[in-house]
Structure formats: C-alpha cells, structure tokens
Number of protein chains: 2
Amino acid sequence: MTNQEKIKRLFELLSEQEAYARSIGKLNFDMLCCAPEEGMDQAAEDMAVLGKTYHSLTHAPEYENLILELHENSEGLTDLQKKMIEQRFESYEKGKNISAEFAYEMDVAFNKAYGKWLQAKKAEDFSLYRDSFASIIEYTKKAIDLREKKPEGYYNACLDDYEKGGNEEQLDAFFGALKERILPLMKEILSEGKKIREDFLSRPCPIPQQEAFSRYLLEVEGLRKTATVLMTTEHPFTDHYGPNDVRVTTHYFEENFVSNIFSTLHEGGHALFMQNEPAEFYEGFVADHMSNAMHETISRFYENLIGRSKEFIHFVYPKFKELGGETFADVSEEELYEAVNISRPDLIRTEADELTYSIHVMIRYEIEKEFMNGNITVDEIPELWNKKYEEYLGVKVPNDSEGCLQDVHWTGSFGYFPSYALGNAYGVQILRTMEKDFDVFGAVKEGKLDLVLGWLKEKVFSIASVTTPDEWIRAITGEPLNPNYYLDYLEEKYRSLYQLA
Amino acid sequence: MTNQEKIKRLFELLSEQEAYARSIGKLNFDMLCCAPEEGMDQAAEDMAVLGKTYHSLTHAPEYENLILELHENSEGLTDLQKKMIEQRFESYEKGKNISAEFAYEMDVAFNKAYGKWLQAKKAEDFSLYRDSFASIIEYTKKAIDLREKKPEGYYNACLDDYEKGGNEEQLDAFFGALKERILPLMKEILSEGKKIREDFLSRPCPIPQQEAFSRYLLEVEGLRKTATVLMTTEHPFTDHYGPNDVRVTTHYFEENFVSNIFSTLHEGGHALFMQNEPAEFYEGFVADHMSNAMHETISRFYENLIGRSKEFIHFVYPKFKELGGETFADVSEEELYEAVNISRPDLIRTEADELTYSIHVMIRYEIEKEFMNGNITVDEIPELWNKKYEEYLGVKVPNDSEGCLQDVHWTGSFGYFPSYALGNAYGVQILRTMEKDFDVFGAVKEGKLDLVLGWLKEKVFSIASVTTPDEWIRAITGEPLNPNYYLDYLEEKYRSLYQLA
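Along each chain, residues carry numbers from 1 onward, in the same order as the chain's sequence is written. By the order in which they are written, chains take letters starting at A while ligands take numbers starting at 1. Per-residue local features are limited, in this predicted model, to residues with pLDDT of at least 70; the limit for side-chain atom pairs, both in listing and counting, is 80 or more; totals at the level of whole chains, interfaces and linings are taken over all residues.

A. Quick look at the overall build of chain A. A run of DSSP states H or I qualifies as a helix once it reaches four residues; a run of E qualifies as a strand once it reaches two. Both are numbered from the N-terminal end. Secondary structure summary: chain A contains 21 helices and 3 strands in total. The size measure is the radius of gyration over C-alpha atoms, and the globule rule it meets is 2.2 Å times the number of residues to the 0.38 power. Against the globule reference of 23 Å for 501 residues, chain A gives a C-alpha radius of gyration of 23 Å, in line with a compact fold. Considered along the principal axes of its C-alpha atoms, chain A spans approximately 70 × 50 × 45 Å. Looking at the 501 residues of chain A, the share that counts as buried comes to 45%. Here a residue counts as buried when 20 or more other C-beta atoms fall within 10 Å of its C-beta, as exposed when 12 or fewer do, and as partly exposed in between; the C-beta atoms come from the backbone.

B. Examining the interface of chain A and chain B more closely. Contact between two residues is assigned when their C-beta atoms, built from the backbone, lie within 7 Å. On the chain B side, the residues contacting the 29 residues of chain A number 29 residues. Of all elements in the fold, only helix H1 (3-33), helix H2 (40-58) and strand E1 (228-232) of chain A reach the threshold of two or more residues within the side of chain A that touches chain B. With 7 residues, the top contributor of residues to the side of chain A that touches chain B is H1 of chain A. The class makeup of the residues in the side of chain A that touches chain B is 12 nonpolar, 8 polar and 9 charged. Charged means Asp, Glu, Lys or Arg here, nonpolar means Ala, Val, Leu, Ile, Met, Phe, Trp, Tyr, Cys or Pro, and polar covers whatever is left, Gly included.

C. Region of interest: the domain arrangement of chain A. Residues and elements named next belong to chain A. By domain assignment, chain A separates into domain 1 (3-149) and domain 2 (168-497). For domain 1 and domain 2, the distance between their C-alpha centres works out to 27 Å. Domain 1 puts 28 residues into the contact, and the matching count from domain 2 is 27 residues. Where the side of domain 1 that touches domain 2 is concerned, the elements lending two or more residues are H1, helix H4 (79-95), helix H5 (100-123) and helix H6 (127-145). No other element matches H1, which puts 8 residues into the side of domain 1 that touches domain 2. The split into domains, and so the bounds of each, comes from an automatic or database assignment of domains.

D. Structural detail: the relation of the copies chain A and chain B. When chain A is fitted to chain B, the residual RMSD is 0.0 Å, and the transformation amounts to a turn of 180° plus an axial shift of 0.0 Å. Such a combination of rotation and displacement between the chain copies is what one expects of a two-fold axis. Both copies contact each other with a shared surface, as 100% of the interface residues of chain A are interface residues in chain B too. A least-squares superposition brings the copies together, and it is based on the C-alpha atoms of residues with pLDDT no lower than 70 in both.

E. Structural context of the sheet that holds strand E3 (residues 246-250) of chain B. All names here are of chain B. Strand order in the open sheet made by the 3 strands is E1-E3-E2, with mixed pairing throughout. Strands at the two margins of the open sheet, each flanked by one partner only, are strand E1 (228-232) and strand E2 (238-240). In this sheet, neighbouring strand axes are inclined to one another by 20° on average, regardless of whether the strands run parallel or antiparallel. Sheet analysis places E2 next to E3, joined by 3 bridges and oriented antiparallel. The partner of Asp 239 across the bridge, within E3, is Arg 247. Convention adopted: a line fitted to C-alpha atoms gives each axis, helices being fitted over their contacting stretch, and angles between N-to-C directions are expressed from 0 to 180 degrees. Running over the sheet, helix H9 (residues 207-221) touches E1 and E3 and is turned about 150° from E1. Relative to the sheet, helix H10 (residues 257-275) contacts E1, E2 and E3, its axis offset from that of E3 by approximately 165°. Any two strands are treated as partners once DSSP identifies two or more bridges connecting them.

F. View of the sheet that holds strand E3 (residues 246-250) of chain A. All names here are of chain A. In space, the 3 strands of this open sheet follow the order E1-E3-E2, with mixed pairing throughout. The open sheet has two edge strands, E1 and strand E2 (238-240), and neither has a second partner. Recorded for the sheet is a direction-independent mean angle of 20° between the axes of neighbouring strands. Running over the sheet, helix H10 (residues 257-275) touches E1, E2 and E3 and is turned about 165° from E3.

G. Spatial organisation of helix H12 (residues 292-306) of chain B. Residues and elements named next belong to chain B. Helix span, expected: 1.5 Å multiplied by one less than the number of residues in the helix. Helix length check: H12, at 15 residues, gives a terminal C-alpha distance of 20 Å against a target of 21 Å (1.5 Å per residue), a fit within 8%. Bend at a given residue is defined as the angle between two axes, one fitted to the seven residues that end at that position and one fitted to the seven that begin there. The sharpest bend along H12 measures roughly 35° and falls at Arg 300. By the criterion of burial, H12 is predominantly enclosed, with 15 of the 15 residues buried.

H. Broad picture of helix H13 (residues 310-324) of chain A. Residues and elements named next belong to chain A. The largest bend in H13 amounts to roughly 45° and is located at Val 316, with the proline Pro 318 lying one to four residues further along. Regarding H13, the residues found buried are Phe 312, Ile 313, Val 316, Leu 323 and Gly 324. Looking at the buried positions of H13, the neighbouring elements they touch are helix H9 (207-221), helix H12 (292-306), helix H14 (333-339) and helix H18 (440-445). Just downstream of H13, Gly 325 is the residue with a positive phi angle, here 55°.

I. Expanded view of the nonpolar core. Any set of buried Ala, Val, Leu, Ile, Met, Phe, Trp, Tyr and Cys residues joined through C-beta atoms within 7 Å is what this text calls a nonpolar core. If you look at the biggest cluster of nonpolar residues, it comprises 247 residues, and the most contacted ones within it are Met 362, Ala 421 and Leu 490 of chain A together with Met 362, Ala 421 and Leu 490 of chain B. With near-sequence residues (within four places) excluded, Met 362 of chain A lies in contact with Phe 175, Leu 178, Lys 179 and Ala 421 of chain A.

J. Spotlight on the packing of helix H5 (residues 100-123) of chain B against helix H6 (residues 127-145) of chain B. Residue and element names in this part refer to chain B. At a minimum axis distance of 8 Å, the contact between H5 and H6 shows a crossing angle of 150°. Our classification of the angle between H5 and H6 gives roughly antiparallel. Once H5 is placed against H6, the crossing between them reads as left-handed. Of the residues in H6, those in contact with Met 106, Ala 109, Phe 110, Lys 112, Ala 113, Lys 116, Trp 117, Gln 119, Ala 120 and Ala 123 of H5 are Leu 128, Tyr 129, Ser 132, Ser 135, Ile 136, Tyr 139 and Ala 143. A breakdown of the residues in the contact of H5 with H6 according to their chemical character gives 12 nonpolar, 3 polar and 2 charged. Roughly parallel means an angle under 35 degrees; roughly antiparallel means over 145; roughly perpendicular covers 65 to 115; every other angle is labelled oblique. The sense of a crossing depends on the near helix, which, turned anticlockwise from the far helix by less than a right angle, makes the crossing left-handed and, turned clockwise, makes it right-handed.

K. Inspection of the environment of His 409 of chain B at higher detail. With respect to the helices and strands, the residue His 409 of chain B is situated in the loop between helix H16 (381-393) and helix H17 (418-437). The contacts of His 409 of chain B, once residues within four sequence positions are left out, are Tyr 416 and Phe 417 of chain B.

L. Geometry of the confidence of the model for chain A. For every residue, the pLDDT score states the predictor's confidence, bounded by 0 at the bottom and 100 at the top. Taken over all residues, the pLDDT of chain A has a mean of 96, while the share at 70 or more is 100%. For this predicted complex, the interface confidence score (ipTM) comes to 0.92, while the overall pTM stands at 0.93.

M. Seen up close, the pairing of E3 of chain B. All names here are of chain B. The buried count for E3 comes to 5 of 5 residues, which makes it a mostly enclosed element. In E3, alternate side chains face the same way, and those of Val 246, Val 248 and Thr 250 on one face and Arg 247 and Thr 249 on the other are all buried. One ladder, built from 5 bridges, connects E1 with E3; its direction is parallel. Note that in E3 the partner of Leu 230 across the bridge is Val 248. The hairpin formed by E2 and E3 contains 5 residues between the paired strands, and Gly 242 there has a positive phi angle of roughly 85°.

N. Structural context of the packing of helix H8 (residues 168-192) of chain B against helix H21 (residues 484-497) of chain B. Residue and element names in this part refer to chain B. Two elements in contact, H8 and H21, have axes whose closest approach is 11 Å; the angle formed by their N-to-C orientations is 5°. By the angle between their axes, H8 is roughly parallel relative to H21. Residues Arg 181, Ile 182, Leu 185 and Ile 189 of H8 lie in contact with H21, whose contacting residues are Leu 487, Leu 490, Glu 491 and Tyr 494. The residue makeup of the contact of H8 with H21, split by class, is 6 nonpolar, no polar and 2 charged.

O. Quick look at the environment of Glu 390 of chain A. All names here are of chain A. Here Glu 390 lies in helix H16 (residues 381-393). Classification of Glu 390 as exposed rests on a count of 12 C-beta atoms within 10 Å. In the structure, Glu 390 is positioned 43 residues away from Leu 347 in sequence and 9.9 Å away in space, judged by C-alpha atoms. Beyond its immediate stretch of four places on either side in the chain, Glu 390 contacts Val 395 and Lys 396.

P. Geometry of unusual backbone geometry. One non-glycine residue, Asp 288 of chain A, lies in positive phi territory at about 65°. Note on placement: Asp 288 of chain A falls in the loop between helix H11 (279-283) and H12. Of note, Gln 499 of chain B is a non-glycine position whose phi angle comes to about 50°, a positive value. Overall, Gln 499 of chain B belongs to the exposed group, with 9 C-beta atoms counted inside 10 Å.

Q. Spotlight on the environment of Gln 4 of chain B. By the secondary structure assignment, Gln 4 of chain B is in helix H1 (residues 3-33). C-alpha of Gln 4 of chain B to C-alpha of Asp 353 of chain B: the two residues are 349 residues apart in sequence and 52 Å apart in space.

If you want it as structure tokens, here you go:
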C-alpha cells in the first residue's frame, strides 16, 4: 500500500468513527435538551453500548496500524495530513491501554452523572450527586494511570489535555497575576464606585420575547440560520455535529433577561467557531482540534468584548426597545450599557460580570487541583467551595445549588475551567491586534459583525486546530500570552464606568 | 445449552439490539424535532452507519441460531417467551435475505426522504420530493421481493406488515361499508345541517397559552410527567425509547388553536399506550408489538370519542376560559363543543372532523394501492390525489403541500394509513364494551380519566402486543371487527349535532 492508499483507507475509517462520534454527541444533546427525567438512566446505558462500537473502531488493529505506519513514515503527505496523523497518534497513545470493558464502565458512569447532578441541583442536595461525582473522579484518574506518557500529577495531566503545555505552575502564576489586580479593584468599586441604576433588570420579560431577541443576536453574530439550532437546557452549552449542524442552547429566566442575552452571545461565539473553520480542515479530519481556551476566547470575545461594549449596546438598543415594549420604555441606552456591566461579587459564575468572572474560575481551579491531586475528598468540596467564595468574593453560599453544584462541568470534565480565564486574557490580546487592522468598535456600532468574523476566520480560526495554544497566540499577536492586556482592559473599563480615579 | 440458558443469552443480545433501536430512534427524533435543515443529509448518512451495526446484530449467526433453535424446540419456555420467539422468528424470516449493503442503501434512502419531503412541502413543489419518493417505493418493493413467504401483491404485503391478516379484499369491503353511509350523511349536513358558530376558531391564540393547554391535556389524559416530553415538529407524531421516555410532538398554529388541542389528545393517546403495557412485556421483549390499528384505536379514542365529547368539553371548559382569557370570553361551553365538531369536507386529514376523516384515509388507501401495485407512476400521484379529493370530498386542491405532500407517512411507510380508519371503528366497538362496565362519560365529565386508562390497561393494553388484531378485538368485545358500531355512532352524533331528522 502506498501512503496515498493508506490515507484513503484511513479517511474511510475516520468517516465511520466520526459518524459514531456525531451520533453519540447527538444522543448526549438529547439527554441534555430533550429526554425526560425517567429516561436518563436508560439513555446513559444505551450511549455506552454505542460507545463500545466506537471503542472498537478507534482500537481496530487496521486503524491503529495505519496511524502508526503513517506516523513513522509520512513521505508524500501534505502538511495537513501530517497534522491529522499527529493528532490521531496522540489520541491513540492516550487511549491505547483503555480496554473495551473499562471504556464501557467509564462511559456508563459519566453518562449517568448528568442525571444525578440535575437531580441534586434541583433538590439542593449535594449528597444525591456525591457518589456519582466520586466515581467519575476515580475513572478519570484510572484512565490517566493507564497512559504510558503523562505529566507529573493527575491535575497536570488534565490541564495538559485541555490546553497542551498547560500545567499548575503556569496557571498558578497566571491566576496570581489576575488576583493581584482584580481583587483590589473589586473592593474599590464596592466602596467608592458610583451607583448604577438596576431596578429594571428584574422586571419580568416574557420568554417568547427573550427567545426572539436571542434569535436576533445569533443572526447579528453571523451564524448561518439553516445550519444552526437554538434550544433550551438547564446549563447552556453549544455543540455541533459537523459544520452544518450547530446547536446553541440557552436558559431563559423570566425575571432576569440579561442572563439569556449574554449566554446567547457567548454560546453564539462557540457556534461561530464550530461553523467557520476552513473547509479543508473538515474534509481532512483536523477540524475541531482547537483547545478549549481558544474556544472560550471566542465565546467570551462575543459575550463581553463585543457584547458588553457601548457600541454593541448602541446597535442593539432599538431592537431591545422594540421587543421589550412598555416594560423597558423608561430605560435609556446609557442605562442599559451600565446595567449590563454592573460589577458585584456574587454567587453564580455564568451570571458574573467581566471583572469578577475570572475569580469564580480561579476558585474552581484551586478546588479541582485539590481533589484531583487527592488532597481533599469529594465530601470536603462543598465546604471548601463556600470558604473560598467567602474569602475571595465575600459572599455566603446559601446552598450547594448556588454553590459547587451550579456548573455542569463537573459531570464530565476536570481541568476545563481555567480555559475561561485564559480565554478572557487571549481575547483582549487578540482584540488589540485586530484593532491595528480596522476600527473594530466603529464596525460594531453599525452592526457590521461580518468584519469581525471575517478577521477571526482569516487570522484565528484558520490556524487554531493545527497549532498549540502558544503557537497560536504568537502567530496571531506576535507575542506569547500576556495577561496585562486583559488586566489593563478591565482597569480602564471599570474605572471609567464607576467613575474612579 | 439448556433452553433457559439460551433465553438468558438471547436476552443479552436483544438488550444490545434494543439499545441500538432506541438510539437510532432518538436520532430520527432529533432529525424531526431538532436538526437544522443543512444537517439533515449528514444525519441520514450517520443513522445508516449505525444501522449497519444494528443489521449485523440482528443478522448475527449466534442470534439467528438461538431464534431458530428456540422456535424449533420451545420446551420449558413460558407463554410469553414463546410469543417473543414467535415475533422474532417472524422478523427473522422477513429480514434474513436483506444484506448489509442493501440495508445500508435503503436506510440512506429512507433517512434522506424526510428532509426532501420537508423541502418540497415548504416550497409547494412536488418535483423536489419526486425522486426520493420513487426511490423509497422501489426499495420497499425490493425488500418484499427478498422475502421467501409473502402474500400475493406488493400492497397486500405492506398491509399484512401493519395489520396481520389484513389485505385489499378485507379493506375494500371495510371502506365500501364506510363510504356507503358516510358520504350521504356528509351531503345531508352540507345541504340541510344547522349553522354552527365558528368565528372564534381563527382568533389568534398565543403559542405559550396553547402550550400550557397541551401540557394540561396530557396531564388530564394521565401521562407520567417525569417520563414524558412535549415538543414541536412539522407533522406531529409520538415515539418512545422504552416506557420511561415517551415523546409527544405537536404543531402550534397561532390562528387555529383547535388543531393543537386534538393533535395533542391524539398523540397523548399513543403515548399512554407506549407507557402502559404490562411490565413483564417490557422485561420479556414482547412490548411494542401491537398493530398500528391498535395504536390508532387508542389515539383516536382519546382524540375523538373522549376529546370531542360534550362531557370532556364540559370538564376542560374552565381551563380553556382561564388560558384563553379575553380572546374567548364570549364563547359558551356549548358553542365550543359544537365548533370542535363542525363537519365539513376539506383538504387536510389531520384537521378533519370525525365524519369526513375516514374518507381522507380511504383516498390514501386507494392511491397507495395503485402505486404500490404498479398501476400508476409516482408522477401520476398528485393528479390522482386531486381527482379523488374532488370526487369524494368535493374540494379543489390548490397545491401539493395541501394535497399529496401533506402527510409525513409517505416518507417512510406504505400501508399505514388504513390503520386510522380501522382504529376509528375498533374504538367505538371497544367503547360500547367499556360502557357495559362503567359510566364512561359520567367519569369523563368529572375528568376521571384514570378510570378509562385503568380499563384500557386491564382489557386492551394487556393483550395487544401478544395477539393478532382479530384475536384482540374478539377478546375485548366478544365479536370480530364490526364497523356498524362506528357508523351508528357517527350517524347519531352528527344527526343530533346538525339537527337532522
């Protein structure tokens, strides 16, 4: 077999693998967005049955041999094909010792975790999730144990999975830098910041109006309507099944219309990334290999840097007035801008303002580190959570649903959270580069988000799946990650908003 | 291996098969209720990839041998186990010559048909569906050709699949009887019936109110809330993935609130059946083997015999007033009852009244017979459709979306339609038996639908999956199918409603 014949055969095998990956992904979507409560256990088991076939496809000797051979000798392969082989070889190495039986058991445990978490969250009772939680931590550790090559320490392995090259040392320094400037500013705002009008934020806003506004926002962001779906779930997320089927989810709260707006903008950012990698990435099986921090860079970029800007609020204000009708008739553009930027230490990460957001993330990072490295047990998580919320944010956590059960992430992934804070920092650094090429906020003010998307496609999406985070940010901005852009941005924005010296 | 050991192993294999069947079913649900337009082609192919595994499971030598051996020698098996073997043996015989390749191609063709139909229906352009339509008819015929034992004629084979023992001769007689009494009554109403108030039927009713009413109706019917989901789609249907995950779908029309009410009651009837077979049926792998006419018996029972009764309208009237608010303030209980029973020959089957409904079905029966038996080509369907609508119902079909493209059925099944008319007839025959046991409409008037459900569970659901339609109706009512109960019911109801002699 020539290398070209091998590639051809490999593509056939990958097509089949991806059909399974997409289908299992859709079944997971179904569990999160459609299935009734009583159907979840069966769904968890059924998905694991399909997972067995997926495991057998990714562990088939023919497939593994093709990867190993092409990894050993890549003569005549294009750069993209070499990258694809590299990515698959890496997955192969991580997964080669995971047996079908272990994968099945692990799948069942992870698939069932969501239902248990949902139950516990609704009942405000951590004990209902405790066993499931402990079990998926154990499976995560066991899966790491089975790897031949891995970084020192379980949490470092998790971090490296999500962010190639990432580790505790790097993140300790990163969060250290953030903490040093964010916490004092937060306190200054609390004691000396001007009062911002917020009475209208809790006015009831009917869900159909909110939904219409969401659809409008996704359109403004530039999503292809015939390839995008908007649905609701407990904890908003975005997923896709090829570039022609992207699913954005949100959660409407009748008495908190702002929540849905920024959640939709955020998820819409993920969706744009999923829909706009280069066509040859999809065709060549390298798409969707960006890191999570890259993904969060884009989602947080649309949510905050654009979405919470004066210029964006100016552009969407007429639509807001139209849909809000009488309810918001007395709210000026300036008041709306200020209100969606109110900074206040609070309980819920997804509702947090830009300034306090990374502190929420840091708390999760610090706790994950403890339980993944075995320094605390699962049972100690709620208490540690509450302690850290009091220490950093000065808030008392009234129950675990507003505490350590608030996020869906710990039903499936450990080491993901830092991506959000990294994304915040990458985002501002990229924005400053973008601004050298065109008047970004001039465009935003006129709703010309196609200019933003065009730039991101050309400079950012075009290389994400084929670079490490460090290669990526250097290629875009000419320097490594530098959190000062982000911290300067926060300082400037919030000092101006709160009229501080 | 003893027979008990064989059964044990067979159950393991069936569990795996059903995990696939449920998963593929959910992916189909996803295509109908969630997926964006551009995602449909990929979904169709992915489902067929999973279908390959399903095919290999149902055609695995180990599985086939177990079925054949236990069919040959069923010593020591319980009656239910024998029934299960009988059902699986029958499927085995029908499918044994269907190769993996043929199944895959057929799957792709059928899976793609839905997307094409939806496009054509939206565009009011039959030509967009024509090729897909022709292709799935061909595949259906080829699949029948591959069977060793089958009735004479393609359409007879389809009819027998849906209704064991059903054939053209029986259905010609059945529809002949219907036609003879329904058509003259229909004309009499048109010329001499009293005028019924209907101005309020097209008043705009916001979708959230309609949705709230749907949820209320499903609750009144007696569905388990934590095991039931309500969603929307183009053409309402119900499906389930085990008894703990039943999905009801509907379609809201802002200016036709009645449509959703009876669609929901109808689909809720299906859902009740799916949720309430005996536990040992689910455990023993015999559940869900009722015929389609049995299923339509229940759905039409709830939609019409209960749903459109004076007593049911009496019971739901307060809730209707509460949700309808100002819009329907001037509508009396009597007016509501009369309006939801207006009989008028029209274009759309799912919106048809009880009297004309079976005529819509008869038209489809007559056309299916023609194209399945090769007497007309696909291209001749729209014209024949329009001709028959004019002949029987006296209405001109303005476009194919309101004509032969209106129903989803011809994207997947031929021979299903007669089930609706049979269900209408079975339903009244069963109702007359039920009334011997308790005051059905006395209970309905008080909303005590648990009495109805209890009776159906005991007498109807308890034997459906393990009897032929003929055995079933005899066991319940003591006589074979007798359409006169249904025709007498129609005569009585509509003469009274329209004040005819």
